[in-house]
Amino acid sequence: METVPPELKPSPALKSWQKPFFVAFLVLWIAEESLAALKIDLPSHWRWLDAAFLAVTAFTTLLALGRRLPAQNVFMTAVVVLGLAGGLNLVAGVTGVPYGPIIYLPASGEKLFDVVPWSVPVLWLIVVVNGRGVARLIMRPWRKTTYYGFWVIGFTSLLAVIFDLGLEPYAVHVKTLWLWHATKFAFTWGTAPLVNFLGWFVTCLLILFFSVPWLINKQPVKQAMDYYPLITWLLLNILFLTGNAVRHDWPAVAVSAMANAFIATYAIRGARW
């Protein structure tokens, strides 16, 4: 019988910590959801709650990844995604390319090199890893086709754009994390220029291009279906939807609700295939 080398097995230590961190994520999500539903703005000395929620979400995302990947893969995935997201957003913060002219406000956290808040690359880690997990569920019926990997990358990048459609009005109007400078284009979404969403798609593609080798499971053992990325994804989008709804941003609510209902339906369908 073929044995799997220990270095190719999922880490028991990471797996053991995943559930406690996921419970902490749920507790903090309930707190954030309640604040959004009640339209409560936290005072500055309580902003640590938002930072804790983001950090715990990132940790539970990586620990969930450790349920099917070795520890070194999880670590390198975090290094590559955070490094690339941080570098690309540093360039964007200075040049405005590829997202457009953005100003980060104090609520978004301490800035790296006085340009981009630490929260931005952490957010990208959450989006890329969970988005790829959802894309894998959607594409599961076609996992044995020739171009399966490329389709997963494409769907993940599209999911990142859908995520940002709900995030932008929430970040600007609910959490006041950043502002957008006016551009020559009349149409915006949540005050964000349309080029921002193209920038999100391209950024996700670039990050995946370099991180996919670490996200591939080389263990030749069938594993249980992983619903954690889908649960995390939907809860974050429900949070955006709630915040946008109480401020009567109905276009953002409608687009986010319909898109994520479609995503959930096909992800669950794919998981049961």
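Remember, predicted model here, so these are calculated numbers, not experimental data.

Cut-off values and rules
Residues numbered from 1 in each chain as written. Predicted model: local features only at pLDDT ≥ 70, side-chain atom pairs only at ≥ 80, totals over all residues. Heavy atoms only, no water. Helix = DSSP H or I, 4+ residues; strand = E, 2+ residues; numbered from the N terminus. Rg over C-alpha atoms; globule rule 2.2 N^0.38 Å. 1 Å grid on protein atoms, 1.4 Å probe; cavity = no way out; pocket = protein on both sides within 12 Å on 5 of 7 lines; lining within 4 Å. Points joined across faces, edges and corners; volume = space filled by probe spheres on them. Nonpolar A, V, L, I, M, F, W, Y, C, P; charged D, E, K, R; others polar. Salt bridge = Lys/Arg side-chain N within 4 Å of Asp/Glu carboxyl O. Buried < 20%, exposed > 50% of the residue type's maximum accessible area, 1.4 Å probe, protein only. Axes fitted to C-alpha atoms, helices over the stretch in contact; angles between N-to-C directions. Parallel < 35°, antiparallel > 145°, perpendicular 65-115°, else oblique. Left-handed = near helix turned anticlockwise from the far one by under 90°. Contact = heavy atoms within 4.5 Å. Core = buried A, V, L, I, M, F, W, Y, C linked by side-chain atoms within 4.5 Å. Expected span 1.5 Å × (residues − 1). Bend = angle between axes of the 7 residues up to and from the residue. Patch = residues over 30% accessible without salt bridge, like charges linked within 9 Å, V, L, I, M, F, W, Y side chains within 5 Å. Areas by Shrake-Rupley, 256 points an atom, 1.4 Å probe, with all protein chains shown as cover. Phe/Tyr/Trp six-rings, centres within 6.5 Å; stacked < 30°, edge-to-face > 60°.

Side note on the overall build of the protein
Along the backbone of the protein there are eight helices and six strands. N-terminal to C-terminal, the α/β element order of the protein is α-α-α-β-β-β-α-α-β-β-β-α-α-α. On C-alpha atoms alone, the protein measures out to a radius of gyration of 18 Å, which is about the 19 Å that the 2.2 N^0.38 rule sets for 273 residues. Its C-alpha atoms give the protein principal-axis dimensions of about 65 × 40 × 35 Å.

With respect to the layout of surface pockets
Summary: where empty space remains is shown by rolling a probe the size of a single water molecule over the atoms. Reported here for the second largest pocket is a volume of approximately 450 Å³. Looking at the lining of the second largest pocket, the elements that each hand over two or more residues are α2 (48-65), α4 (119-138), α5 (148-174) and α7 (228-246). With five residues, α2 is the largest single contributor of residues to the lining of the second largest pocket. Per-class residue counts for the lining of the second largest pocket are 17 nonpolar, four polar and four charged.

Structural notes on the pattern of salt bridges
Within the structure shown, the criterion is met by four salt bridges. A salt bridge links Arg247 to Asp41; the nearest nitrogen and oxygen atoms lie 3.6 Å apart. Here Arg247, found in the loop between α7 and α8 (250-271), pairs with Asp41, found in the loop between α1 (12-37) and α2; they are 206 residues apart in sequence, far enough to count as distant. Residue classification places Arg247 among the partly exposed residues on the basis of a relative accessible area of 21%. Notably, a salt bridge pairs Asp50 with Lys175, separated by 3.1 Å at the nearest N-O pair.

Examining the packing of helix α3 (residues 71-95) against helix α6 (residues 195-215)
Viewed as axis vectors pointing N to C, α3 and α6 meet at an angle of 160°, and their least axial separation amounts to 9 Å. Classified by the angle their axes make, α3 and α6 are roughly antiparallel. Here α3 and α6 pass one another in a crossing that is right-handed. Here Gln72, Asn73, Met76, Thr77, Val80, Val81, Leu84, Ala85 and Leu88 of α3 come into contact with α6, specifically with Thr203, Leu206, Ile207, Phe210, Ser211, Trp214 and Leu215. The residue inventory of the contact of α3 with α6, partitioned by class, reads 11 nonpolar, five polar and no charged.

Brief notes about the nonpolar core
In this structure, Trp124, Val134, Phe163, Leu167, Trp178 and Trp200 are the most contacted members of the largest nonpolar core, which totals 76 residues. If we ignore the near neighbours within four places in the chain, the residues touching Trp124 are Val81, Ala85, Asn89, Tyr99, Trp200, Thr203, Cys204 and Ile207.

Some words on α5
A turn of α-helix holds 3.6 residues, and therefore any two residues three or four places apart point the same way. With 27 residues, α5 extends 38 Å between its outermost C-alpha atoms, agreeing within 8% with the 39 Å of an ideal straight helix rising 1.5 Å per residue. Maximum bend of α5: about 30°, positioned at Leu167, with proline Pro169 one to four residues after it. Most of α5 sits out of view: 19 of its 27 residues are buried.

Brief notes about empty space enclosed by the protein
Applying the stated criterion across every chain yields a total of two cavities of 30 Å³ or more. In this structure, the largest cavity occupies an estimated 110 Å³ of space. Elements represented by at least two residues in the lining of the largest cavity include exactly β1 (102-104), α4, β4 (178-180) and α6. Of all the elements, α4 adds the most residues to the lining of the largest cavity, at three residues.

Thoughts on a nonpolar patch on the surface
A grouping of Val195, Leu198, Val202 and Leu206 is seen on the molecular surface, where their side chains present a nonpolar patch of about 320 Å² in accessible area. Secondary-structure assignment places Leu198 in helix α6.

Regarding the side chain of Thr60
Note that Thr60 resides in helix α2. Apart from the residues within four sequence positions on either side, Thr60 is in contact with Gln18, Phe21, Phe22 and Phe25.

Remarks on the packing of aromatic side chains
Taken as a whole, this structure holds 15 aromatic pairs when the rule is applied. Judged by centre distance (6.2 Å) and plane angle (35°), the ring pair of Trp151 and Phe155 falls under tilted. With Trp151 and Phe155 both in helix α5 and four residues apart, this pair spans about one turn of that helix. An aromatic cluster of at least three residues, connected via ring pairs, comprises Phe22, Phe25, Phe53 and Tyr228.

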